[in-house]
Amino acid sequence: MAKTDHFTADSVARTDSGSASVGSVVARMRALRSDWPEKDGVAVFNRVYLAVTEEVGRRIDRGQFPDRRAAVTLGVLFAERYLSAVGTVAAGGRPPACWRPLFQYRRHPGVRPLQFAMAGINAHIGHDLALAVVDTCRTLGCEPPELEGEFDRVGDILTMLEERIREDLMPGPDLLEVADPLTHLLGSWSLERARDGAWSAARLLWRIQEIPGLADEFTERLDTGVGLVGRCLLTPWP
């Protein structure tokens, strides 16, 4: 689990300041908007994730998260994993396997904006969320069941926004046809199932973190599996 440690060191110092720390990752995502063309696949996901993170920050400010510190810590450490992938690519490195399809296909003309958004959500929920829960538990000195309420509240925001995302990015009425291949492809992925899988993975990872080699193997296979799903979601269309 050593590979998760560097996400906590810089972020812990910011969590006590409340939603200001969420504001810091929001500011970084806003700054990225000027770095990429509007149709760039990573830019499409960045807009989606920025809207989600802004909504989380607003709800924290309104006191809708009973454990404010846990919500902020989870939100920040979760966002850090996406931002770290962006930074790795910008520096010429390879991001985690779950993110590679999005960065590889980001300018493919046959991939539609909704596919980019869903592939990014798949990477972030399917892989990053489980590891962010473990990061948060280690930072706060708690166990996953103590974070379940905040996890569910963040997940509820994601689910609420998913429908809006599909409506905003749906390329046309042709996708309303059940027989349309892209409708079938995107309909086969469920944010709710991905959330459930992330929670199960976090609990399992927490339990096996002290077993030499097993936690790293589990994390690597989770990363690879989510990357495979992402590649399928980014199937180009004529």
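Residues numbered from 1 in each chain as written. Predicted model: local features only at pLDDT ≥ 70, side-chain atom pairs only at ≥ 80, totals over all residues. Heavy atoms only, no water.

Moving on: the overall build of the protein. In terms of helices and strands, the protein carries 10 helices and 0 strands. For the protein, contacts bridging at least 24 residues in sequence account for 79% of all contacts bridging at least 6. (Helix = DSSP H or I, 4+ residues; strand = E, 2+ residues; numbered from the N terminus. Contact = heavy atoms within 4.5 Å.)

This part takes up the packing of aromatic side chains. In the structure shown here, the tally under the stated rule is 7 aromatic pairs. A ring pair is formed by Phe45 and Tyr82, whose centres lie 5.1 Å apart and whose planes are at 75°; its orientation type is edge-to-face. In this pair, Phe45 sits in helix 3 (residues 41-61) while Tyr82 sits in helix 4 (residues 68-90), placing the two residues 37 residues apart along the sequence. A residue is classified by how much of its surface remains accessible, and Tyr82, at 0% relative accessible area, is buried. Aromatic pair Tyr82 and Trp99: ring centres 5.5 Å apart, planes at 45°, arrangement tilted. A residue pair is termed long-range when its members are at least 10 positions apart, and Tyr82 in helix 4 and Trp99 in the loop between helix 4 and helix 5 (100-105) qualify at 17 residues. With respect to burial, Tyr82 and Trp99 carry one shared label: buried. Members of the aromatic cluster, each reached through a chain of ring pairs, are Phe45, Tyr49, Phe78, Tyr82 and Trp99. (Phe/Tyr/Trp six-rings, centres within 6.5 Å; stacked < 30°, edge-to-face > 60°. Buried < 20%, exposed > 50% of the residue type's maximum accessible area, 1.4 Å probe, protein only.)

Its 18 residues give helix 9 (residues 191-208) an end-to-end C-alpha distance of 25 Å, which sits within 8% of 26 Å, the value for a rise of 1.5 Å per residue. For helix 9, the complete set of buried residues consists of Leu191, Ala194, Arg195, Ala198, Trp199, Ala201, Ala202, Leu205, Trp206 and Ile208. With a side-chain oxygen lying 3.3 Å from the backbone nitrogen of Glu192, the N-terminal cap of helix 9 falls on Ser190. (Expected span 1.5 Å × (residues − 1). Polar contact = N/O pair within 3.5 Å; in protein donor to acceptor, adjacent residues only side chain to side chain.)

Look at helix 10 (residues 214-233): 29 Å from first C-alpha to last across 20 residues, which is about the 28 Å you get at 1.5 Å a residue. Where helix 10 is concerned, the buried positions are Ala215, Thr219, Leu222, Asp223, Val226, Gly227, Gly230 and Leu233. Projection of helix 10 onto a plane perpendicular to its axis shows the buried side chains occupying an angular sector of 135°, all on one side. Projecting away from the buried face of helix 10 at angles above 90 degrees are the exposed residues Glu220, Arg221 and Leu228. (Arc of directions from axis to C-beta.)

Glancing now at the packing of helix 4 against helix 6 (residues 113-140). Where helix 4 meets helix 6, the axes come as close as 8 Å, and the angle between the chain directions of the two elements is 130°. Viewed along their axes, helix 4 and helix 6 adopt a mutual orientation that is oblique. The handedness of the crossing between helix 4 and helix 6 comes out as right-handed. Only His124, Ile125, Asp128, Leu129, Leu131, Ala132, Val133, Asp135, Thr136, Thr139 and Leu140 of helix 6 make contact with helix 4, whose side of the interface consists of Arg69, Ala70, Thr73, Leu74, Leu77, Phe78, Ala79, Arg81 and Tyr82. Its residues placed into classes, the contact of helix 4 with helix 6 shows 12 nonpolar, 4 polar and 4 charged. (Axes fitted to C-alpha atoms, helices over the stretch in contact; angles between N-to-C directions. Parallel < 35°, antiparallel > 145°, perpendicular 65-115°, else oblique. Left-handed = near helix turned anticlockwise from the far one by under 90°. Nonpolar A, V, L, I, M, F, W, Y, C, P; charged D, E, K, R; others polar.)

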